[in-house]
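# Descriptive analysis of the structure
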Amino acid sequence: MPKAHASSPSHTQQLLGQLIGAPGSTKPELCERTGLPVSTVHNAISSLLNHGLIQEMGAATSSGGRCPMQYHVNNSLGVVVAVSIRLQHITAGVFDLLGNALLTRQVDMACAGFGPESYTGELAQLVLSLLEQAHQPLPCLGVGVTVPGPVQEGSGVVYQISGAPGWRQFPLQSRLQEALGMPVIVEKDVYAAIQYLHRSGQLRARHCSVCLSICEGIGAAVIIDGKVFRGVNSLVGEIGHLTVRRDGIPCNCGNTGCLELYCSDIGIVKQYNDHSGAHCTHVDEVVALVRSGDETAARVLSQAIRYLVDTTATIIMSYNPEELLIYCRWLDQEKKLYFRMLDTLYAKSLFTQQQAMNIRLLSQMPIHLNAAASMAQYELLMGLCGK
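A brief structural summary.

### Concerning the overall build of the protein
Helices and strands together make up the secondary structure of the protein, namely 13 helices and 15 strands. Taking 21 Å as the expected radius of gyration for a compact globule of 387 residues, we find that the protein reaches 22 Å, a close match to that expectation. Seen through its C-alpha atoms, the protein measures out along the principal axes to roughly 65 × 50 × 40 Å. Considering only contacts in the protein between residues 6 or more positions apart, those separated by 24 or more positions represent 61%. Of the roughly 17200 Å² of accessible surface on the protein, 50% is carried by carbon and sulfur atoms. Put simply, the protein has 27 plus and 30 minus side-chain charges, and the middle of one group is 4 Å from the middle of the other.

What follows is the structure, given as structure tokens:
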């Protein structure tokens with residue numbers, strides 16, 4: 001496909017990026033969001049239409065005067081595959097270019113249970129199986145993969161995954177690309193998540209936002225003026241391995257008393273089992289026990305709240321964000337714990353009081369899978385646009 005160029009390629013990319021994140025946008029809306037002149041937006045949209053990268057989708061409702069045309073990405077260009085690698089399982093799906101999941105599947109497959117080469121072979125088979133099962137006549141443009149650990153930007157080399165010692169300096173992106181014969185993009189899960197929230201218009205801050213992700217591990221991401229702040233080796237946000245107890249449990253990372261040993265889904269389950277002698281397997285069980293009045297479960301989650309408050313205060317005073325978004329299954333299920341966390345945080349210091357920022361709890365969506373799909377759509381369509 002020919003590359004589309006307007007008077008400025010960067011403007012073309014900027015507007016294509018807007019339409020990827022917000023399908024159905026009109027020219028006036030694009031002008032308002034980007035600050036670009038009407039003539040520049042008109043020329044760029046015309047170029048994208050001429051090269052088949054976007055399509056008209058009908059007129060928007062008018063508030064007076066002529067109804068403006070809405071635009072979206074050309075969905076007939078192909079599909080993408082999204083892969084979310086977790087410590088114990090993989091979730092994968094086939095998505096169209098408007099972000100709709102056409103088919104998803106979850107497979108139990110622990111990172112530590114395979115060497116990274118064998119794991120990549122299994123992952124390649126899963127991707128090909130999904131594409132075959134989806135019966136899609138459209139070509140697959142490529143694959144987006146998120147992993148629970150730091151990744152080298154651009155090359156997709158996984159620096160390490162805590163709890164999976166074989167995953168050190170592993171070139172997952174190039175290996176999977178060789179196996180599949182199509183483009184692959186690999187990114188750290190929480191970085192991809194905040195980029196997805198930014199592109200889809202779910203961030204409200206204009207300058208600086210932080211996303212705190214609490215799953216089987218814990219990580220954070222900072223986005224400043226639309227760019228993820230990564231640091232030198234993508235270690236920014238590895239807060240799950242901050243020490244919260246000097247006399248604490250040894251962690252796979254080599255440290256002791258790490259935050260995620262007490263506050264992650266896996267950490268909470270292990271804490272409850274260790275203190276009660278029970279054999280719970282999922283954080284939902286511990287939350288249910290809190291609701292039923294189990295004192296041990298209540299103590300475990302109260303401890304988790306205390307450590308999260310201390311860590312959240314550190315985030316606030318380190319990055320001073322306009323908004324903090326929290327993705328956490330157990331806080332979302334038991335919202336009174338979330339409100340207790342907020343009260344404790346606001347009372348902690350003048351610097352963490354309510355007026356300092358906007359804090360929001362995200363609903364439980366497949367955020368890492370959606371992020372992998374969004375990343376693939378964005379990077380691969382930008383490639384067609386011509387960087």
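### Quick notes on the sheet that holds strand S2 (residues 54–59)
The antiparallel open sheet is built from three strands, whose spatial order is S1-S3-S2. At either margin of the open sheet sits one strand with a lone partner, and together these are strand S1 (25–26) and S2. Across four bridges, S2 lies against strand S3 (residues 69–73) in antiparallel orientation. In the sheet register, Ala59 faces S3, and the bridge partner there is Met69.

### Here's the deal with the packing of aromatic side chains
Counted by the stated rule, this structure contains five aromatic pairs. On the basis of an interplanar angle of 75° and a centroid distance of 5.5 Å, the ring pair of Trp167 and Phe170 is categorised as edge-to-face. The exposure class of Trp167 is buried, given its relative accessible area of 1%. Note on Phe170: relative accessible area 5%, which makes it buried. Ring geometry for Tyr262 versus Tyr307: centroids 5.4 Å apart, planes at 70°, classification edge-to-face. Taken as a pair, Tyr262 in helix H7 (residues 260–263) and Tyr307 in helix H10 (residues 295–319) lie far apart in primary sequence, 45 residues in all. Like Tyr262, the residue Tyr307 is buried in the burial classification.

### So, the nonpolar core
Judged by nonpolar contacts, the single largest core of 95 residues is most densely connected at Leu16, Leu197, Leu212, Ile326, Trp330, Leu331 and Ile359. Apart from residues lying up to four places away in sequence, Leu212 is in contact with Ile218, Gly219, Ala220, Ile239, Thr312, Ile315, Leu324, Leu325, Ile326 and Tyr327. Core analysis: the next-biggest nonpolar cluster, separate from the first, contains 35 residues, Ala92, Met109, Leu130 and Val145 among them.

### Thoughts on unusual backbone geometry
One non-glycine residue, Gln169, lies in positive phi territory at about 55°. Inspection of the secondary structure puts Gln169 in strand S9 (residues 164–170). Even without a glycine there, the phi angle at Asp225 is positive, about 50°. By the element assignment, Asp225 lies in the loop between strand S12 (218–224) and strand S13 (227–228). For Asp225, a relative accessible area of 52% corresponds to the exposed category.

### Observations concerning H10
The end-to-end C-alpha distance of H10, which contains 25 residues, comes to 36 Å, matching closely the 36 Å that a straight helix rising 1.5 Å per residue would cover. The backbone nitrogen of Thr296 has a side-chain oxygen 3.0 Å away, supplied by the residue at the start of H10, namely Asp294. A positive phi of about 50° marks Asn320, the residue just after H10.

### Focus on the pairing of strand S11 (residues 208–214)
Taking burial as the measure, the seven residues of S11 include seven buried ones, the bulk of the element. For S11 and S12, the ladder comprises seven bridges, and the chain directions are antiparallel. Pairing of Cys211 across the sheet is with Ala221, part of S12. In textbook terms, the turn of a hairpin is the stretch between consecutive antiparallel strands, and for S11 and S12 this stretch comprises three residues. Relative to strand S14 (residues 323–328), S11 is paired through six bridges, and the arrangement is parallel. Across the sheet, residue Cys211 finds its bridge partner in S14, namely Leu325.

What counts, and where the lines are drawn
- Residues numbered from 1 in each chain as written.
- Predicted model: local features only at pLDDT ≥ 70, side-chain atom pairs only at ≥ 80, totals over all residues.
- Heavy atoms only, no water.
- Helix = DSSP H or I, 4+ residues; strand = E, 2+ residues; numbered from the N terminus.
- Rg over C-alpha atoms; globule rule 2.2 N^0.38 Å.
- Contact = heavy atoms within 4.5 Å.
- Areas by Shrake-Rupley, 256 points an atom, 1.4 Å probe, with all protein chains shown as cover.
- Lys, Arg positive; Asp, Glu negative; His and termini not counted.
- Charge placed at Lys NZ, Arg CZ, Asp CG, Glu CD.
- Pairing = 2+ DSSP bridges.
- Phe/Tyr/Trp six-rings, centres within 6.5 Å; stacked < 30°, edge-to-face > 60°.
- Buried < 20%, exposed > 50% of the residue type's maximum accessible area, 1.4 Å probe, protein only.
- Core = buried A, V, L, I, M, F, W, Y, C linked by side-chain atoms within 4.5 Å.
- Expected span 1.5 Å × (residues − 1).
- Polar contact = N/O pair within 3.5 Å; in protein donor to acceptor, adjacent residues only side chain to side chain.

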